[in-house]
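Observations on chain architecture
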Amino acid sequence: MGHHQLDKLDEQILQLIAENARIPFLEVARVCNVSGAAIHQRIQKLTNLGILKGSEFVIDPESIGYETCAYIGLFLKDPEQFDTVTESLKQIPEVVECHFTTGKYDLFIKIYAKNNHHLLTIIHDKLQPLGLARSETIISFREAIKRQIPICDLVDEE
């Protein structure tokens, strides 16, 4: 993973689209005082560099019946099974994130469940058979902050 040199225009574009991913390119061009073609080229460059990773609509889990958000620290019986367990976790639709971490857990996952009973079923029927020594679950009552990484002062002043 490399660090890419960005200029002020790149920074300004990133800030605008981070605030509103649906902002029209022509509006970005107007705010940045450049042509629409220049914005299109910059967006393409930022995508090719891997700085921008697509765009998506975000589904609110609670609005479709997934009322329980949980973070689960997984302890593997055999830590050499990282790849196998990770591939198995990909097959569980309720698992929305999986991280290799430092600290006491081998893996740390985020899942959504319809309720606490559903959460228990996921842990017992889907996670435990993967070869876990044990797990620790933290239930989130409410997401207090969720945002993009700040886009400010990315340009090296020379």
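It should be noted that the structure appears before, not after, this text.
Everything numeric in this text was worked out from a predicted model, so none of it was measured. All residue numbers refer to positions counted from 1 along the written sequence of the respective chain. Local features are withheld for residues below a pLDDT of 70 in this predicted model, meaning they are given only at 70 or higher, and side-chain atom pairs are given and counted only at 80 or more; totals for whole chains, interfaces and linings count all residues. Only hydrogens and water are set aside when side-chain values are computed; all heavy atoms of the structure are taken into account.

Counted as a void, the largest pocket has a volume near 1,900 Å³. For the largest pocket, the lining is made up of 46 residues, of which Glu56, Phe57, Val58, Lys146 and Gln148 are closest to its centre. Numbering of helices and strands runs from the N terminus; a helix is a DSSP stretch of H or I covering at least four residues, while a strand is a stretch of E covering at least two. For the lining of the largest pocket, the secondary structure elements donating two or more residues are helix 1 (8–19), helix 3 (36–48), strand 1 (68–76), strand 2 (95–100) and strand 3 (107–113). Considering each element in turn, the lining of the largest pocket owes the most residues, four residues, to helix 1. Think of it as three bins: nonpolar holds Ala, Val, Leu, Ile, Met, Phe, Trp, Tyr, Cys and Pro, charged holds Asp, Glu, Lys and Arg, and polar takes everything else, Gly as well. A breakdown of the residues in the lining of the largest pocket according to their chemical character gives 26 nonpolar, six polar and 14 charged. Cavities and pockets are defined on a 1 Å grid built over the protein atoms alone: a cavity is a set of grid points where a 1.4 Å probe fits but cannot escape, while a pocket is an open set with protein on both sides within 12 Å along at least five of seven lines, and lining residues are those with an atom within 4 Å of any such point. Grid points are joined across faces, edges and corners, and a volume is the space filled by probe spheres set on the points.

The pairing criterion for strands is at least two bridges between them, as found by DSSP. A sheet is described by the order of its strands in space; here four strands give the open sequence 2-3-1-4, paired in antiparallel fashion. Of all strands in the sheet, those bounded by a partner on one side alone are strand 2 and strand 4 (132–140). Averaged over all neighbouring strand pairs, the angle between strand axes comes to 20°, with direction disregarded. Strand direction decides the pairing type here: strand 1 and strand 4, joined by eight bridges, are antiparallel. Bridge pairing in strand 4 links Ile72 to Thr137. We call two residues contacting when some pair of their heavy atoms lies within 4.5 Å. To get an axis, fit a line to the C-alpha atoms, keeping to the stretch in contact for a helix; angles then go from 0 to 180 degrees between the N-to-C directions. Against the sheet, helix 5 (residues 116–127) touches strand 1, strand 3 and strand 4, its axis set at about 135° to strand 3.

With that settled, the discussion passes to the packing of helix 1 against helix 2 (residues 25–32). Packed helices, taken two at a time, are described by their axes: the angle between them and the distance between them. For the pair helix 1 and helix 2, interaxial distance at closest approach is 10 Å and the crossing angle is 130°. Compared by their axis directions, helix 1 and helix 2 come out oblique. Note on packing geometry: the crossing formed by helix 1 with helix 2 is right-handed. Seen from helix 1, the contacting residues are Leu9, Gln12, Ile13, Leu16 and Ile17; seen from helix 2, they are Val28, Val31 and Cys32. Its residues assigned to classes, the contact of helix 1 with helix 2 shows seven nonpolar, one polar and no charged. We call two directions roughly parallel when the angle between them is under 35 degrees, roughly antiparallel when it is over 145, roughly perpendicular when it lies between 65 and 115, and oblique otherwise. Should the near helix be turned anticlockwise from the far one by less than a right angle, the crossing is termed left-handed; should it be turned clockwise, right-handed.

What follows is about the pairing of strand 1. In terms of residue burial, strand 1 counts as a mostly covered element, since eight of its nine residues are buried. Two strands pair when backbone bridges link them, and strand 1 and strand 3 are joined in this way by seven bridges, in the antiparallel orientation. The residue of strand 3 that forms the bridge with Thr68 is Ala113. The buried label applies to any residue whose accessible area, calculated with a 1.4 Å probe on protein chains only, is under 20% of its type's maximum; exposed applies above 50%, and partly exposed to all values in between.

In this sheet, strand 3 lies alongside strand 2 in antiparallel orientation, the contact comprising five bridges. Following the sheet pairing, Phe100 is matched in strand 3 by Leu107. The turn joining strand 2 and strand 3, which pair antiparallel and follow one another in sequence, is formed by six residues; a positive phi near 95° is taken by Gly103.

Ranked by internal contacts, the top residues of the largest apolar core, which has 17 residues, are Ile72, Leu74, Leu89, Ile109, Ile111, Leu119 and Leu127. For this core, the secondary-structure elements that each account for two or more residues are strand 1, helix 4 (82–90), strand 3 and helix 5. Throughout this description, the term nonpolar core refers to a set of buried Ala, Val, Leu, Ile, Met, Phe, Trp, Tyr and Cys residues connected via side-chain atoms within 4.5 Å. Counting residues in each nonpolar core, the second largest holds 15 residues, with Ile13, Cys32, Ile43 and Ile151 among its members.

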